[in-house]
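Okay, here's what each chain looks like letter by letter:
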Amino acid sequence: MDHGAQARLVAARVIDAVLHHGRSLKAELSTALAGIDDVRDRALVEAMAFAAVRHQGRYATALSRWMPRPPGARDAPLRALLYAGFAQLDPMGLPAHAALNATVDAARLLGRAHQASLVNALLRRAQKDGLPTAGADAAWPAWLLAEVRADWPQDVEAILTASAAAASQWLRVNTRRGPRDAYYTRLIQAGLQAEVPGDMPDALRLATPVPVDALPGFADGDVSIQDGAAQRVADALQPASGARVLDACAAPGGKSAHLLERDPTLRLLAIDIAAPRVARIEQTFKRLGIGAQARVRTADALDAARWWDGTPFDAVLLDAPCSATGIVRRQPDVLLHRRPADLDALATLQSQLLDALAAVVAPGGTLLYATCSILRRENADQVEAFLARHADFALVPLDDRFGRDTGAGHQRLPGESGMDGFFYARLTRLR
C-alpha cells in the first residue's frame, strides 16, 4: 500500500477532528503535516482537508441522497474519509482512478476494510453523476448569514462565493534583503509564475499556491507569506522614521515584521497576551533577521500598567481579535465553530482594547484599528462608538486602496483585488 493511501488517511483524520470534534483546522493540519516528509504529500493533505471543510455541506447532501442511512457518529471517521475522496474529485479534479484506489486503500488503513467496497461505490457514483450543487450560503450558519445579509445586502452573493473559493497566495518580499524585482526573477527561475501588483512595492501574488519549502530563500528570511490586505496595514499606519511603535496584538508577527523591513529605525514593541503566541513572534523575527531591532514581550494590552513605561507611542496598531469572517476562505472552520455569543464577547473586547490603547497614543499620534472581519458591529460601529467616547480622537481619511469607505473606516470584502476581507480605520489623537 503506497504513501498515497497514507496521505488520504491523514487527511481523513484531520477532517474528522475538525468536523466532528470541534478542533481547529489550522492546528490539526500543523500537527499532521509535521509528520509528513514528502512536500507533495503535505500539499495533498492540506488541499483535501481545506476542500472537505469548505464543501462539507455539499458532501453531506450527497451522502443523504445516495445512502438510506448516511454514516452516523460511530462512522464519523468513514464520513471524513469519504469527504476526502469527494474533495479529490471536486473541486481538486485529481485523476479519478488514482483518487479512488488510494482512498479505498485508506479505508483499509482506517480499519474499515469491511466498508472498502462501500467507499468505492460512493466515489464511483460521485465520479459518474457528479456531486450535488449547492448555494454558496450552504456552509454558513443561519444567524451569521443573516448578519452578513443585513450589513452587505448588495454584496452578499459575491462575499459567499469568494469565501467558498481557495485563497490566493500572496508573498511579501523582504526588501532589506533584496529588491522585489530580483525576487520575482528568482521565482521565475524556480518555475513559479507570479503577478506583480503595481501599487504594492513589497508584494507578489502567485498563480498557484506552493508550500513554503518551494519558495526560494524562505528559510533565510527573503520572503514571507502574507495576504495583500494584511500588507496594506503598513501603508495605513505609515509611522514616521524612527517612530516609537506599538503592535498590541502582534502574533504571529507578520505586520510588525513588515514595518521593520520597511524601516529598521522604528522603535517597535510587539506584545501579545499568551507566551506561545509571543514565541511565534520571536520565531518570525528570527527567520527574517530582525530579532535585534524590536522588543517582544508577553503582555495583556488591556493592562497597560503592567507593561507600559509611560512614554506615549507615535503609532499604535490594534489588529483586534475578531470573528475572522473576512478570511473564511483561509479558515473555513470558522463557520463551524463560531457562535452568536462569541461575537458579543469579541465586540466587548474590541471596545475595551480601543479604550485601553487610546491612553498610550501620543498627541498627534496614530491609532490604527484593523480586523479581518466584514461585520459592521466589529468595524464601523466600533469606530463610531469609540469616537463618541473619545473627543480627543478623529478619523483620518484613507483612500480606495483600502476598500470602500464605510463612513467610519474602509472595508475590503473577501476576494476584492484577490485579497482577504479586511477593515482599516486610521485615528489620530488631537491632544
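About the thresholds
- Residues numbered from 1 in each chain as written.
- Predicted model: local features only at pLDDT ≥ 70, side-chain atom pairs only at ≥ 80, totals over all residues.
- Heavy atoms only, no water.
- Core = buried A, V, L, I, M, F, W, Y, C linked by side-chain atoms within 4.5 Å.
- Buried < 20%, exposed > 50% of the residue type's maximum accessible area, 1.4 Å probe, protein only.
- Helix = DSSP H or I, 4+ residues; strand = E, 2+ residues; numbered from the N terminus.
- Contact = heavy atoms within 4.5 Å.
- Arc of directions from axis to C-beta.
- Axes fitted to C-alpha atoms, helices over the stretch in contact; angles between N-to-C directions.
- Parallel < 35°, antiparallel > 145°, perpendicular 65-115°, else oblique.
- Pairing = 2+ DSSP bridges.
- Right-handed = clockwise from strand over helix to strand, strands pointing away.
- 1 Å grid on protein atoms, 1.4 Å probe; cavity = no way out; pocket = protein on both sides within 12 Å on 5 of 7 lines; lining within 4 Å.
- Points joined across faces, edges and corners; volume = space filled by probe spheres on them.
- Nonpolar A, V, L, I, M, F, W, Y, C, P; charged D, E, K, R; others polar.

J.: Please provide a residue-by-residue account of the nonpolar core, values included.
T.: Leu 25, Leu 29 and Phe 86 are the most contacted members of the largest nonpolar core, which totals 46 residues. At the level of secondary structure, the elements contributing two or more residues to this core comprise α1 (3-21), α2 (25-34), α3 (39-54), α4 (56-66), α5 (76-89), α6 (96-109) and α7 (116-129). If you tally residues by element for this core, the top one is α5, at nine residues. Setting aside residues no more than four positions away along its own chain, Leu 25 makes contact with Val 14, Val 18, Ala 49, Phe 50, Val 53, Pro 332 and Asp 333. In this structure, Ala 203, Val 233, Ala 236 and Ile 327 belong to the second largest nonpolar core, which totals 37 residues.

J.: I'd like a rundown of helix α8 (residues 142-151), residues and numbers included.
T.: Every α-helix winds through 3.6 residues per turn, so residues three or four apart in the chain are directed the same way. Turning to α8, its buried residues number three or more, namely Leu 144, Leu 145, Glu 147 and Val 148. With its buried residues spanning 160 degrees around the axis, α8 presents them on a single face. When the buried face of α8 is taken as reference, the exposed residues oriented beyond 90 degrees from it are Ala 142 and Ala 150.

J.: I'd like to hear about the packing of α5 against α6, residue by residue, with values.
T.: Their axes nearest at 10 Å, the elements α5 and α6 cross at an angle of 170 degrees. Taken together, α5 and α6 sit at an angle that is classed as roughly antiparallel. Facing α5, whose interface residues are Leu 81, Gly 85, Gln 88 and Leu 89, α6 presents Ala 96, Ala 99, Leu 100, Thr 103, Ala 106 and Ala 107.

J.: Tell me about the pairing of strand β6 (residues 267-272), residues and numbers included.
T.: Of all six residues in β6, five are buried, a share of seventy percent or more. Looking at chain direction, strand β5 (residues 244-247) and β6 are connected through four bridges and run parallel. Bridge assignment links Arg 244 to a residue of β6, and that residue is Arg 267. As paired strands, β6 and strand β7 (residues 294-298) are joined by five bridges and run parallel to one another. Directly across from Ala 270, in β7, lies its bridge partner Val 296. Note that the unit made of β6, helix α13 (residues 275-288) and β7 has a crossover that is right-handed.

J.: Please provide a residue-by-residue account of the layout of surface pockets, values included.
T.: The volume enclosed by the second largest pocket comes to roughly 240 Å³. Lining the second largest pocket are 21 residues; nearest its centre among them are Arg 54, His 55, Ala 136, Ala 139 and Ala 164. Every element with two or more residues in the lining of the second largest pocket is listed here: α3, α4, α9 (156-164) and α14 (334-337). In terms of residue count, α9 provides more of the lining of the second largest pocket than any other element does, four residues in total. In terms of residue class, the lining of the second largest pocket is made up of 12 nonpolar, seven polar and two charged.

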